[in-house]
Each structure stands twice: as structure tokens, then as C-alpha cells.
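Spelled out from the first residue to the last, the chains are:
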Amino acid sequence: MQIALYQPDIPPNTGTIIRMAACLDVRVNIIEPCGFPFGEKSFRRAGMDYIDQSMITRHASWDHFLDAVSPARIILLTTKADHVYTDVAYQPEDIILLGRESAGVPDDVHQRADKRVIIPMTPETRSLNVAISASMVLGEALRQTNLFPAYTGK
């Protein structure tokens, strides 16, 4: 199971996702260009205390990302979805893709996704924070695939 962030533009969200992924032993793919300088200063508060435990792969472009992860199934979290995220049967090799906070993903990326999922919300709201969305969908995917790290009773 992996997370991919398409051209993220808010450093604290990216840092929070990196921290969550480190805690859950999940790789984070960053698809460039980022909307901020990628580095320690950008993530200081949200994720840097876990950066040494993180698995982060940076990809120079969408095409480089696709070359690196093929043939993994890409599950796009989007408001233009075919399925509710809890109705999908996740597979251990899936990559959960999240778009830019400001713009989502372009049409070609949207069309390339193998599945598009949505988190149901009240009609009068627009969207959840991307890090919260990532945690909800990743949690369901890890639950279904039994890939949560083993609980040691600490």
C-alpha cells in the first residue's frame, strides 16, 4: 500500500501525510513539481520528527511516477468519483493518489486512475482537508488488506 501526492502545494499537509505514512509503514510518492520548496524547513512542524522513519520517493513528473509504479493499481480520491471509498475492494499493491489542494488533478491523470473514489459528505460542504482524506481512505485500505503494523501493546 502506498500514498501518492500529485504536485502538493501546502507543506503542512504534505508533512502530516508523511508523518502518518511513517507511523503506518506506508511509502509516500511525491509527484513534482511541488508548489513549495521540498525540504526540511517546509515540514518542520508536521512531519520532520518522523522524516528518518519515512519512505519517500520523489518523481520528477507524472510520467516518471507511472514508469516507476507500473503495474500497480492507482486509486484516485476525487469529488468526481465512481465509487464511495468504503465500497472498493483494496489490494495490497494499491496506490492511493491525492491531487493538489488547490486544483485536484488534470483530466489526463483523472482518466488514468484505475478507480476513482469519494468520501461522502453533507451537500453543503465542499471538501475535507487532504491529510484527513488520506487518513480515512488509507485506514480503510489497510483494514481491508490486514496491512496495519502489528500492535505490540506499547
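Note that the structure is predicted; figures quoted are calculated from it, not measured.

Is there a simple way to explain helix α1 (residues 11-24) in this structure?
The terminal C-alpha atoms of α1 lie 20 Å apart, and with 14 residues this matches the ideal 20 Å at 1.5 Å per residue to within 8%. Counting buried residues in α1 gives ten out of 14 residues, a clear majority hidden from the surface. For α1, the complete set of buried residues consists of Pro11, Asn13, Thr14, Gly15, Ile17, Ile18, Met20, Ala21, Ala22 and Leu24. Looking one or two places after α1, you find Asp25, whose phi comes out positive at around 60°.

Can you walk me through empty space enclosed by the protein in this structure?
The final tally for this structure, using the stated rule, is one cavity of 30 Å³ or more. Volume-wise, the largest cavity comes out at about 40 Å³. As for the largest cavity, its lining consists of Leu5, Pro8, Asn13, Thr14, Ile17, Leu98, Gly99, Glu101 and Val130. Broken down by element, the residue count for the lining of the largest cavity peaks at three residues, all from α1. Broken down by class, the residue content of the lining of the largest cavity amounts to five nonpolar, three polar and one charged.

How do you make sense of the sheet that holds strand β7 (residues 115-118) when you look at a structure like this?
The strands making up a sheet are joined through hydrogen bonds of the backbone, oriented either antiparallel or parallel. Strands sit in the order β3-β2-β1-β6-β4-β7-β5 across an open sheet of seven strands; the sheet is parallel. Every other strand in the sheet has two partners, leaving β3 (56-59) and β5 (83-84) as the edge strands with one partner each. Running over the sheet, α1 touches β1 (2-6), β2 (27-31) and β3 and is turned about 155° from β2. Set on the sheet, helix α5 (residues 130-145) makes contact with β1, β4 (74-77) and β6 (95-98); between it and β6 the angle comes to about 165°.

Hey, could you run me through the layout of surface pockets in this one?
Picture a little ball the size of a water molecule; that probe, rolled over the atoms, points out where space is still empty. The computed volume of the largest pocket comes to approximately 650 Å³. Along the walls of the largest pocket sit 27 residues, with Leu77, Thr79, Arg100, Gly104 and Ser127 positioned nearest its centre. Contributions of two or more residues to the lining of the largest pocket are made by β4, α4 (107-112) and α5. A per-class count over the lining of the largest pocket returns twelve nonpolar, ten polar and five charged.

Hey, could you run me through the UniProt feature "binding site: S-adenosyl-L-methionine" (unreviewed entry) in the protein chain in this one?
Here, UniProt's "binding site: S-adenosyl-L-methionine" (unreviewed entry) annotation points to Leu77, Gly99, Ile119 and Ser127. Spanning 51 residues, the named residues form one tight spatial group whose C-alpha atoms are at most 14.2 Å apart. Cross-referencing the annotated residues with the largest cavity identifies Gly99 as lining it. For Gly99, the location among the structural elements is in the loop between β6 and α4. Judged by relative accessible area, Gly99 falls into the buried class, the value being 16%. Excluding residues within four positions of it along the chain, Gly99 makes contact with Tyr6, Gly104, Val105 and Val130.

How each quantity is defined
Residues numbered from 1 in each chain as written. Predicted model: local features only at pLDDT ≥ 70, side-chain atom pairs only at ≥ 80, totals over all residues. Heavy atoms only, no water. Helix = DSSP H or I, 4+ residues; strand = E, 2+ residues; numbered from the N terminus. Expected span 1.5 Å × (residues − 1). Buried < 20%, exposed > 50% of the residue type's maximum accessible area, 1.4 Å probe, protein only. 1 Å grid on protein atoms, 1.4 Å probe; cavity = no way out; pocket = protein on both sides within 12 Å on 5 of 7 lines; lining within 4 Å. Points joined across faces, edges and corners; volume = space filled by probe spheres on them. Nonpolar A, V, L, I, M, F, W, Y, C, P; charged D, E, K, R; others polar. Pairing = 2+ DSSP bridges. Contact = heavy atoms within 4.5 Å. Axes fitted to C-alpha atoms, helices over the stretch in contact; angles between N-to-C directions. UniProt positions renumbered as here; feature names shortened; annotations may be inferred.

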